[in-house]
Amino acid sequence: EVGSIVPDCVDDFVVWYAGMLERLPFHSSHAGYAYKRVECSKNKASRGVDRKISRYYGFDPGYEPLRDKMLERTGNPQWLNAIDKTLVEKLGGAERISKELPASKVTKLKNGLLIQGAPVPPLGDVNRGASDIGSIPEIARLFKPLRTPVSAFRGPVDAQEWLARYDEMENRPWNASAS
């Protein structure tokens, strides 16, 4: 059940994350579920991640090539997405962004915007219709012009195809019971 893995204090986390963003310099940032690897099992773990990311759209694969090419770019649209003032302007300003993202919660920060695409972090299990992805597809389409140019991940997954996974999808109302 999705509810069993979502913390009770999601709103507190969002407040904490927004406060952290206002104190630290960033270009873009995101928060949600992610795969993490440790050095001693990196290759084995990466093979497992490669098998899972096509099924679970809500997880960030945690690939270094993606992370390392984020300067003045956006990457994987997630549950929480932050962009600094430079990227806000490149996307047409805060007012335009708010209009382009009617189903998302857009919060002004001192140094940019925080965009929330779903009430809680989605799993995005495509085998169950990925009904919990909320408005992440509209965020992906907005961010597309600034998407990181990474061409490949480790393994068989096509990086640009994976980053474009939401581009043709419609927003989906939050429906944890179907996930």
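The structure this text deals with has already been given above.
Rules behind the numbers
Residues numbered from 1 in each chain as written. Predicted model: local features only at pLDDT ≥ 70, side-chain atom pairs only at ≥ 80, totals over all residues. Heavy atoms only, no water. Buried < 20%, exposed > 50% of the residue type's maximum accessible area, 1.4 Å probe, protein only. Helix = DSSP H or I, 4+ residues; strand = E, 2+ residues; numbered from the N terminus. Pairing = 2+ DSSP bridges. Contact = heavy atoms within 4.5 Å. Polar contact = N/O pair within 3.5 Å; in protein donor to acceptor, adjacent residues only side chain to side chain. Phe/Tyr/Trp six-rings, centres within 6.5 Å; stacked < 30°, edge-to-face > 60°. Core = buried A, V, L, I, M, F, W, Y, C linked by side-chain atoms within 4.5 Å.

Engineer: Tell me about the pairing of strand β2 (residues 80–84), and name the residues and values.
Structural biologist: Burial of β2 is extensive: 5 of the 5 residues sit out of reach of the surface. Where strand β1 (residues 28–31) and β2 come together, 4 bridges link them in antiparallel fashion. In the sheet register, Ser-29 faces β2, and the bridge partner there is Ala-82. Bridging between β2 and strand β4 (residues 112–116) involves 5 bridges; their strand directions are antiparallel. The partner of Ile-83 across the bridge, within β4, is Leu-113.

Engineer: Provide a residue-level description of the environment of Ser-104, including the pertinent values.
Structural biologist: Inspection of the secondary structure puts Ser-104 in the loop between α5 (94–100) and β3 (105–109). The spacing of Ser-104 and Trp-79 is 25 residues in sequence and 9.9 Å in space, taken between C-alpha atoms. Not counting chain neighbours up to four residues away, the residues in contact with Ser-104 comprise Ile-115, Gln-116, Gly-117, Ser-135, Glu-138 and Ile-139. Side chain to side chain, Ser-104 and Glu-138 meet in a polar contact 2.9 Å long.

Engineer: Let's hear about the packing of aromatic side chains: which residues, and what values?
Structural biologist: Enumeration over the complete set of coordinates arrives at 6 aromatic pairs. Ring geometry for Phe-13 versus Trp-16: centroids 5.5 Å apart, planes at 40 degrees, classification tilted. With Phe-13 and Trp-16 both in helix α1 (residues 10–23) and 3 residues apart, this pair spans about one turn of that helix. Ring centres of Tyr-57 and Tyr-166 lie 5.7 Å apart, and the angle between their planes is 85 degrees; on these two criteria the pair is classed as edge-to-face. Of this pair, Tyr-57 sits in the loop between α2 (42–52) and α3 (64–67) while Tyr-166 sits in the segment after α7 (159–163), and the two are 109 residues apart along the sequence. Both residues of the pair, Tyr-57 and Tyr-166, count as buried.

Engineer: I'd like to hear about unusual backbone geometry, residue by residue, with values.
Structural biologist: Here the phi dihedral of Ala-130 falls at roughly 45 degrees; this positive angle occurs in a residue that is not glycine. Here Ala-130 lies in the loop between β4 and α6 (136–143). Judged by its relative accessible area of 2%, Ala-130 is buried.

Engineer: Summarise the nonpolar core; cite the residues concerned and give the values.
Structural biologist: Counting 14 residues, the largest nonpolar core has Val-14, Tyr-17, Leu-21, Trp-79, Leu-80, Leu-109 and Leu-114 as the members making the most contacts within it. Sorting the residues of this core by element identifies α1 and β2 as the ones contributing at least two each. When residues of this core are assigned to their parent elements, the largest contribution, 5 residues, is made by α1. One finds Ile-83, Leu-113, Ile-139 and Phe-143 within the second-largest nonpolar core, a separate group that totals 12 residues.

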